[in-house]
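Here is what each chain is made of, one letter per residue.
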Amino acid sequence: MTGSLYRGQAGLPFSSTLRVYEPLDAFPEDQRPALKAAGERAASRAAVENAELLASLGRITRPGGDPFPTGRTDLVRVTRPLGLPVADESKDSPNAKDSDGDSLLYCPSQLVLRAGLAANALMEGIHGPLAELLIPEEQRDRHQERIDLVSAREGANRVHTRASTWGIPFSWFSLFLESDPQEVVEAGGRILTVRVLAPIAEALDRVRYAVANLALAAPDLDMLDDLTQLTEWLELFHAESMVELDYGAVADKVYPDDSPMDVRLGIECLAEGDMTGAAAAYRRLASRWIPIRQLARAS
């Protein structure tokens, strides 16, 4: 498996993801065999990313114009708790094999649920004929039936993945420190992605610290709402979970990246009343990420 598509996504929007990996016993008992089997089928992390990209390209070229996933299969990513050896992706070694499969942590893609949420968000932002042109009502109704089936079958009450295009929300960086473990994936002289991992308990401590300080120092800041929603989302998951920030292809534009440090310093400066220091931290973030976000409007 070369992961050639995964390694050559020129022309596609930069997409970054925030994922939560949970231990097997955090899932309903009837889902565990399927999760474990799906994890064992994943020959490498590159293979999973390549399969997801292939599936998405297949959906947008599907006859009939239905862009939604069917739910017949669902990809599962796996990782190990910190302290256990991590597979060497560059050699396509088995990422899901472990002498004790129950010690692995699992993140199901949940594409059916996520596609429905994304479509709803899109529909809320556009109106009339344009909405019908992008996603006809018949297709949305058909996908709602899939969502109902998945919800009834799996009782899904939490979505393990959040995605962002053309840049990473500053609130996500509050979950990580520059000292957290990082995996840099490279090929052909390019950085394909950077993945940063943190235990969910530590990530929650960090984001709660940020919320508490911003609530006192800058209660009108939009980022406070983002941090509050992020906290509520992470609180849904098992205490032994791991949080992963996957930069995606944007890593090649920004790595090495000091954004976690800049967000932390900015919040600390606000808490101390140091407006000059907070402004300097924001300027560093803006100079790094505003050019990336402007690419969304480039022709």
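Rules used in this analysis
- Residues numbered from 1 in each chain as written.
- Predicted model: local features only at pLDDT ≥ 70, side-chain atom pairs only at ≥ 80, totals over all residues.
- Heavy atoms only, no water.
- Core = buried A, V, L, I, M, F, W, Y, C linked by side-chain atoms within 4.5 Å.
- Buried < 20%, exposed > 50% of the residue type's maximum accessible area, 1.4 Å probe, protein only.
- Contact = heavy atoms within 4.5 Å.
- Phe/Tyr/Trp six-rings, centres within 6.5 Å; stacked < 30°, edge-to-face > 60°.
- Helix = DSSP H or I, 4+ residues; strand = E, 2+ residues; numbered from the N terminus.
- Lys NZ or Arg CZ within 6 Å of the ring centre and 35° of its normal.

**Remarks on the nonpolar core**
Point 1. Core analysis: the largest hydrophobic core is formed by 42 residues, its most contacted members being Leu 18, Leu 175, Leu 234, Leu 245, Tyr 247 and Trp 289.
Point 2. When neighbours within four sequence positions are excluded, Trp 289 is seen to be in contact with Gly 167, Ile 168, Phe 170, Phe 173, Tyr 247, Val 250, Val 254, Asp 257 and Ser 259.
Point 3. Membership of the second largest hydrophobic core comes to 8 residues, among which are Phe 27, Ala 38, Val 76 and Val 78.

**Quick look at the packing of aromatic side chains**
Point 1. The tally for this structure, following the rule as stated, stands at 5 aromatic pairs.
Point 2. With a centroid separation of 6.4 Å and 75 degrees between ring planes, the pair formed by Phe 170 and Tyr 282 is classed as edge-to-face. On the criterion of sequence distance, the pair formed by Phe 170 in helix H6 (residues 170-173) and Tyr 282 in helix H11 (residues 275-294) is long-range, its members being 112 residues apart.
Point 3. Since its relative accessible area comes to 16%, Phe 170 is described here as buried.
Point 4. Summarising the aromatic geometry, the rings of Phe 173 and Trp 289 are spaced 5.8 Å apart at their centres and angled 40 degrees between planes, so their arrangement reads as tilted. In this pair, Phe 173 sits in helix H6 while Trp 289 sits in helix H11, placing the two residues 116 residues apart along the sequence. Both residues of the pair, Phe 173 and Trp 289, belong to the buried class.
Point 5. Members of the aromatic cluster, connected to one another through ring pairs, are Phe 173, Tyr 247 and Trp 289.
Point 6. Here the guanidinium or amino end of Arg 158 rests over the ring plane of Phe 27, the centre of that ring lying 5.9 Å away.
Point 7. Just above the ring of Phe 170 sits the side chain of Arg 293; from NZ or CZ to the centre is 4.7 Å.

**A word on unusual backbone geometry**
Point 1. Residue Pro 256 follows Tyr 255 across a cis peptide bond; omega there is 0 degrees.
Point 2. For Pro 256, the position within the fold is in the loop between helix H9 (251-254) and helix H10 (259-271).
Point 3. Here the phi dihedral of Trp 166 falls at roughly 55 degrees; this positive angle occurs in a residue that is not glycine.
Point 4. Considering the arrangement of structural elements, one finds Trp 166 in the loop between strand S4 (161-165) and H6.

Geometric descriptors of this kind do not, in isolation, establish any biological role.
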